[in-house]
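Secondary and tertiary structure notes
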Amino acid sequence: MNLRLWATGFYQGQWSGDVGSFTAADGRGTKFLSGGRLDALVDLDTTKLGLWRGGGIHAHLELEGGRVPGFRGGALWPVNSGAILPLGSPKQLEATSLYISQRWGGTSLLVGKINAIDLLANDPFFGGWGIDRFMNLAFVAPPSGVVPPVIMGGLLAQKIGEVSLSAMVFDPSDQTTNYRVDGLFADGANVSLAAQWNGRAWGRASNLGLSYTFSTKDSVDLRSILLPSELQIGASTYPDNLSLQFGHTIFPGKVRPGKGIGLYGKVAATRGNPNPI
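What comes next is a walk through the structure. (Residues numbered from 1 in each chain as written. Predicted model: local features only at pLDDT ≥ 70, side-chain atom pairs only at ≥ 80, totals over all residues. Heavy atoms only, no water.)

Overview of the overall build of the chain
- For the chain, the count of helices and strands is 3 helices and 15 strands.
- In the chain, 57% of the contacts between residues at least 6 apart in sequence involve partners at least 24 apart. (Helix = DSSP H or I, 4+ residues; strand = E, 2+ residues; numbered from the N terminus. Contact = heavy atoms within 4.5 Å.)

Structure, rendered in structure tokens:
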């Protein structure tokens, strides 16, 4: 059994422009706001438990202990991701990951309820849940409009040398507070296909990834909302997202392997309507 436990506190205020003055979330007060969260990650090895070989049982428990504003200063994305996750009612314990895994050589399968940010745990740049690495959601888990914070479905991955291929099928709705499998895929399904290369270029650790996610969820053409009822199109449209991710270490760390200074980026495109991104 592997147990990792974090307790994180937030003490947050926003500069108002007056020397020595900070404003509260609503801009009317002059006080700081406090909050926090508790994270517990549990990994069980089914081989050591005597159940079956090559498997695992995984859970991520999250408890928010007082919410502070995630959006500050007119930011497009939440500047404090840890303060808005998990979605749902504050001070409510949620299992945002609750799934089983299985490995056969270079092949792995995950099935169940999965925290999307947990999938970025081994990413060299993104991830961190807002309490490790960066705090802004744009760097924690860049929004795509087609991948909710918590998914329910399956992920199949195959590693071939330095290249990892993956396919993921999941319900299009956020599953943070859901623990039932009945009703899944009633509104359609999301499919994500990805290829990731992790290796070395010019003697430095580098990575390059391409992913495409599309949804079969029947969505409304956003343009029709602005039209009179007699002129509304009423045609079904389906959101998608195509992204390219890259990273290259320029100055590798000498004290801590795997650390250093590098260039990292992610660019994405969508057909837009009805993708809110």
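Some remarks on unusual backbone geometry
- In this model, Leu85 is joined to Pro86 through a cis peptide bond whose omega is 0°.
- You can see Pro86 is positioned in the loop between helix H1 (81-84) and strand S6 (94-104).
- Of note, Trp129 is a non-glycine position whose phi angle comes to about 60°, a positive value.
- Here Trp129 is to be found in the loop between strand S7 (107-115) and helix H2 (137-140).
- Positioned with a positive phi, Arg133 is a non-glycine residue whose angle comes to about 65°.
- The class of Arg133 is partly exposed, set by a relative accessible area of 40%. (Buried < 20%, exposed > 50% of the residue type's maximum accessible area, 1.4 Å probe, protein only.)

What about the pattern of salt bridges?
- Under the definition given, this model contains 5 salt bridges.
- The residue Arg37 makes a salt bridge to Asp39 at a minimum N-O spacing of 2.8 Å.
- Look at Asp39 and you get buried, because its relative accessible area is 1%.
- Salt-bridge contacts for Asp182 lead to Arg180; the nearest nitrogen and oxygen are separated by 3.1 Å.
- Sharing partners across several salt bridges, the network here consists of Arg37, Asp39 and Glu62. (Salt bridge = Lys/Arg side-chain N within 4 Å of Asp/Glu carboxyl O.)

Some remarks on the sheet that holds strand S8 (residues 150-160)
- The strand order across the open sheet formed by 11 strands is S1-S4-S5-S6-S7-S8-S9-S10-S11-S14-S15, and the pairing between neighbours is antiparallel. The open sheet has two edge strands, strand S1 (2-12) and strand S15 (260-269), and neither has a second partner. Ignoring which end each strand starts from, the neighbouring axes of this sheet average 15° apart.
- Here 10 bridges tie strand S14 (residues 240-252) to S15, and the two strands are oriented antiparallel to one another. Bridging from a neighbouring strand, Thr249 pairs with Gly262 of S15. (Pairing = 2+ DSSP bridges. Axes fitted to C-alpha atoms, helices over the stretch in contact; angles between N-to-C directions.)

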